[in-house]
Amino acid sequence: PGVAGTIMDPPRLRRALADIRRSGVAVAPGSIEAVSTGVAVPVRDAGSVVAALSVVLPRETAPEPTVSALREAAARIEAELRASRP
C-alpha cells in the first residue's frame, strides 16, 4: 500500500503532521511517486486553513525556492480574502 515514501505508521504520521503544522509547510519526498517531491503550504482566512497551494517537483530539485514562492502566493491570496470581507 502506498509508495515507498508514504508514512504508514500512525504515530510517525501524527509526528509528521505536528511538524507540518509547526512549520507551515509540507515537503514530502517520495510520497507521491518515488521520483518526485510534493510541496504544500496552507492558505488561511480568519485563522482557519481554507485551502492549500501545492506543487510536485522532481525529487532532485531543492524545494526551498518553491516553498518561498508558495508562501508568497498564499500571503497574496490571504490578503485578497481579508480585503474581500465587508
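My aim in this report is to walk through the structure given alongside it, one point at a time. Quick caveat: nothing in here was measured; it's all calculated off a predicted structure.

1. Let's talk about the environment of Leu 53
Part 1: When you line up the elements, Leu 53 lands in strand S3 (residues 48-58).
Part 2: Linking Leu 53 and Val 25, residues 28 residues apart in sequence, is a C-alpha distance of 10.0 Å.
Part 3: With sequence-adjacent residues up to four places away left out, Leu 53 is seen in contact with Val 39, Ala 40, Val 41, Val 43, Leu 70, Ala 73, Ala 74 and Ile 77.

2. A look at the pattern of salt bridges
Part 1: All chains considered together, the criterion is met by two salt bridges.
Part 2: For the salt bridge of Asp 19 with Arg 22, the shortest nitrogen-to-oxygen distance reads 2.4 Å. Here Arg 22 and Asp 19 lie together in helix H1 (residues 10-23), a separation of three residues that amounts to about one turn.
Part 3: Among the residues examined, Asp 19 registers a relative accessible area of 42% and is labelled partly exposed.

3. What about the pairing of strand S1 (residues 26-29)?
Part 1: The pairing of S1 with strand S2 (residues 36-45) spans four bridges and is antiparallel. Along S2, the bridge assignment pairs Ala 26 with Ala 40.
Part 2: As consecutive antiparallel partners, S1 and S2 are separated by six residues, and within that stretch Gly 30 has a phi angle of approximately 75°, a positive value.

4. Observations regarding the pairing of S2
Part 1: S2 sits mainly inside the fold: seven of its ten residues count as buried.
Part 2: Note that S2 and S3 share ten bridges and pair antiparallel. The residue of S3 that forms the bridge with Val 39 is Val 55.
Part 3: Counting the residues in the hairpin turn of S2 and S3 gives two residues, including Ala 46, whose phi is positive at 55°.

5. Some words on the environment of Ile 7
Part 1: Along the chain, the position of Ile 7 falls in the segment before H1.
Part 2: Along the primary structure Ile 7 and Asp 45 are separated by 38 residues, whereas in three dimensions their C-alpha atoms are 29 Å apart.
Part 3: When residues no more than four places from it in sequence are discounted, the contact partners of Ile 7 are Arg 12, Leu 13 and Ala 16.

6. So, the side chain of Thr 37
Part 1: Mapped onto the elements, Thr 37 comes out in strand S2.
Part 2: Among all residues touching Thr 37, those that are not within four sequence positions of it are Val 27, Ala 28, Pro 29, Gly 30, Val 55, Val 56, Leu 57, Pro 58 and Arg 59.

7. Some words on the sheet that holds S3
Part 1: Strand order across the open sheet formed by three strands is S1-S2-S3, with antiparallel pairing between neighbours. One side of each edge strand has no neighbouring strand; the edge strands of this open sheet are S1 and S3. Recorded for the sheet is a direction-independent mean angle of 20° between the axes of neighbouring strands.
Part 2: Across the sheet, helix H2 (residues 64-83) is in contact with S1, S2 and S3; its angle to S2 comes to roughly 20°.

Cut-offs used in this document
- Residues numbered from 1 in each chain as written.
- Predicted model: local features only at pLDDT ≥ 70, side-chain atom pairs only at ≥ 80, totals over all residues.
- Heavy atoms only, no water.
- Helix = DSSP H or I, 4+ residues; strand = E, 2+ residues; numbered from the N terminus.
- Contact = heavy atoms within 4.5 Å.
- Salt bridge = Lys/Arg side-chain N within 4 Å of Asp/Glu carboxyl O.
- Buried < 20%, exposed > 50% of the residue type's maximum accessible area, 1.4 Å probe, protein only.
- Pairing = 2+ DSSP bridges.
- Axes fitted to C-alpha atoms, helices over the stretch in contact; angles between N-to-C directions.

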